[in-house]
Structure formats: structure tokens, C-alpha cells
Amino acid sequence: METIISPSILSADFANLERDINKVASAGAKWVHIDVMDGHFVPNITIGAPVVKSLRKATNLVLDVHLMISEPKKYVKDFIEAGADIITFHYESQSDLTLEIIKEIKDAKKLAGISIKPMTPSSAIEKFIPYLDMVLIMTVEPGFGGQKFMHECVSKIADVKEFARIYGKNDLYIQVDGGINDISAKICTKMGANSLVAGSYIFNSDNIDLAIKSLVE
Ligand code: DX5
Ligand code: ZN
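Residues numbered from 1 in each chain as written. Chains lettered and ligands numbered in written order. Predicted model: local features only at pLDDT ≥ 70, side-chain atom pairs only at ≥ 80, totals over all residues. Heavy atoms only, no water.

J.: So what exactly am I meant to see when it comes to empty space enclosed by the protein here?
T.: Which parts of space are left empty comes out when a probe the size of a water molecule is rolled across the atoms. Scanning the model with the defined rule gives one cavity of 30 Å³ or more in all. Volume-wise, the largest cavity comes out at about 210 Å³. Lining the largest cavity are 24 residues; nearest its centre among them are Phe144, Gly145, Gly146, Asp177 and Gly178. At the level of elements, strand E2 (31-37), strand E8 (195-198) and helix H7 (200-203) are the ones that each hand at least two residues to the lining of the largest cavity. Each residue belonging to the lining of the largest cavity can be placed in one class, and the counts come to eleven nonpolar, ten polar and three charged. (1 Å grid on protein atoms, 1.4 Å probe; cavity = no way out; pocket = protein on both sides within 12 Å on 5 of 7 lines; lining within 4 Å. Points joined across faces, edges and corners; volume = space filled by probe spheres on them. Helix = DSSP H or I, 4+ residues; strand = E, 2+ residues; numbered from the N terminus. Nonpolar A, V, L, I, M, F, W, Y, C, P; charged D, E, K, R; others polar.)

As C-alpha cells, this is what we get:
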């Protein structure tokens, strides 16, 4: 599977999201990563469903929505209706409702992802693998862009790749998010990641085309 780059607009200019998304699209990105934070599950507040709805009209890129919110069950419908293509929520938020939330996303014909924070073991999500389209392994504590890549999370990529093999999910997206640059990207793809989220590395670079290329080459 070709490595999919999902530039995180958390590091884009929030007054010029359409312009910045067009930049990464011109550089070859097929997905755009949208970080939704509620100031409760994580300390920061960012984007809500109305912004996703506007972005849906502004781009044809795959809208890869990462919910870092305490109550995904309550809000998942809003993001479906806003036009998200992939909805990823955190295992740590409402773990007893995980299957219900996945079902709601799948029933709407969207791709469903689950994410785990650095301290959560990969074993926590093994039983959900048959129902998932994506697993997002956080390689920083969620909440902020521009943090340092946590090497200790890397082995979880291999764990999830093994789960995918065991359950015959050859098309499972294994995504990493946090501190991705040209060096950490290679470490992650070598371990089996096939989707890389990068925010500050892409949007703070002088040459977005080269930055994106350097993640896949
Ligand atoms: C962090 C977010 C990330 C963030 C990554 O909580 O989930 O998507 O934008 O930023 P960088 O690539 O700068 O670490
Ligand atoms: Zn993210």
C-alpha cells in the first residue's frame, strides 16, 4: 500500500484554510487531517463540525477527522453530516461505547478509525480490529502540534500490523500522528504505518512540496 500523507491543518493558517489545503493538494496530498479538540479530553479547543462542513465545500480531498473529544457518541453524527470521510475517535474517551460508535460511522458509509494515546497499550483495541478501517497510533500526547516524537510508541505500529494480519484486514490503515518529520516518518513506515499525519513539519516548511515528498521517499 502506498503511504498516505495526511497534512494536519492544526498548523495551517486558520484564517486561510482553503488556501493552505489547496497548497497541500497541489503538492500531491490526497487526505487532509482535521484535529477536533474540545478543551476537555485535551487541554486545547480547535475546530468543530461547522468548519468541517465549510471545508467540505472547499476541497475534494479526503477529510480525515480526528476527534479528541470526551463524548464522541454525542457528536459523531454532526461530523458525519458535515461531510467527514474518515472519523477517528479515541479509545480512552467512551471505551464502553466503542462498538456503537464504530457502527454509527460505518452505517453512514464512512471510514471508522480508533486512536490510542501513548500510554494506552495496543492490546486494548485488538478486539475492535475486525470492525475498523483505521487505527491511529499517537506518537505524542494529543492536544498540541509541534511536539517531539515519542519513540516508545513505535512498537505499537508493529503490534497493529500483526493484528491486521491475524484478522485478515489487509486494507487496514495504520496511521501515526505526532512529531512526524522526514526521519520519524521512515521509522514508522518501516514498522508498518501506511498513513502519516504531519502538521508543523509540513506547514512550517519553506517548501511544502519538498516537505511532503521527504515523508514518502
Ligand atoms: C496532536 C494532533 C496532531 C498534530 C500533529 O494532538 O492530533 O494531528 O497536528 O502536529 P505535529 O505534526 O506538529 O506533531
Ligand atoms: Zn491528529
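J.: It is not clear to me how the site of ligand 1 should be interpreted in this structure. Could you clarify?
T.: Neighbouring ligand 1 are 20 residues, the closest being Asp35, Gly143, Asp177, Gly199 and Ser200. Contacts to ligand 1 include glycine 146, whose backbone N or O atom sits 2.8 Å from an oxygen atom. Here ligand 1 loses 100% of its free accessible area of 380 Å² to cover by the protein chains. Among the detected pockets, ligand 1 sits in the largest cavity. (Near = heavy atom within 4 Å. Polar contact = N/O pair within 3.5 Å; in protein donor to acceptor, adjacent residues only side chain to side chain. Areas by Shrake-Rupley, 256 points an atom, 1.4 Å probe, with all protein chains shown as cover. Sits in = over half its atoms within 2 Å of the grid points.)

J.: Which parts of the structure should I look at to understand the coordination of the zinc ion (ligand 2)?
T.: Where a metal carries four tetrahedral donors, each ideal angle is 109.5 degrees; where it carries six octahedral donors, the ideal angles are 90 or 180 degrees. Every protein donor of the zinc ion (ligand 2) is accounted for by His33 (NE2), Asp35 (OD), His66 (ND1) and Asp177 (OD), and the metal-donor separations fall at 2.0 to 2.3 Å. Taken together, the six donor atoms surrounding the zinc ion (ligand 2) define angles of 70 to 170° at the centre, an arrangement classified as octahedral. (Donors = N, O, S within 2.8 Å, 3.2 Å for Na, K, Ca; no water. Tetrahedral: all angles 85-135°; square planar, octahedral: opposite > 155°, others 65-115°.)

J.: Hey, could you run me through the packing of helix H2 (residues 49-58) against helix H3 (residues 72-82) in this one?
T.: Describing two packed helices takes the angle between their axes plus the distance from one axis to the other. Between H2 and H3, whose axes approach to 8 Å, the crossing angle comes to 15°. Put simply, H2 runs roughly parallel to H3. For the crossing formed where H2 meets H3, the hand is right-handed. Residue-level contacts link Ala49, Val52, Lys53 and Arg56 of H2 to Asp78, Phe79 and Ala82 of H3. Classifying every residue of the contact of H2 with H3 by side-chain character gives four nonpolar, no polar and three charged. (Axes fitted to C-alpha atoms, helices over the stretch in contact; angles between N-to-C directions. Parallel < 35°, antiparallel > 145°, perpendicular 65-115°, else oblique. Left-handed = near helix turned anticlockwise from the far one by under 90°. Contact = heavy atoms within 4.5 Å.)

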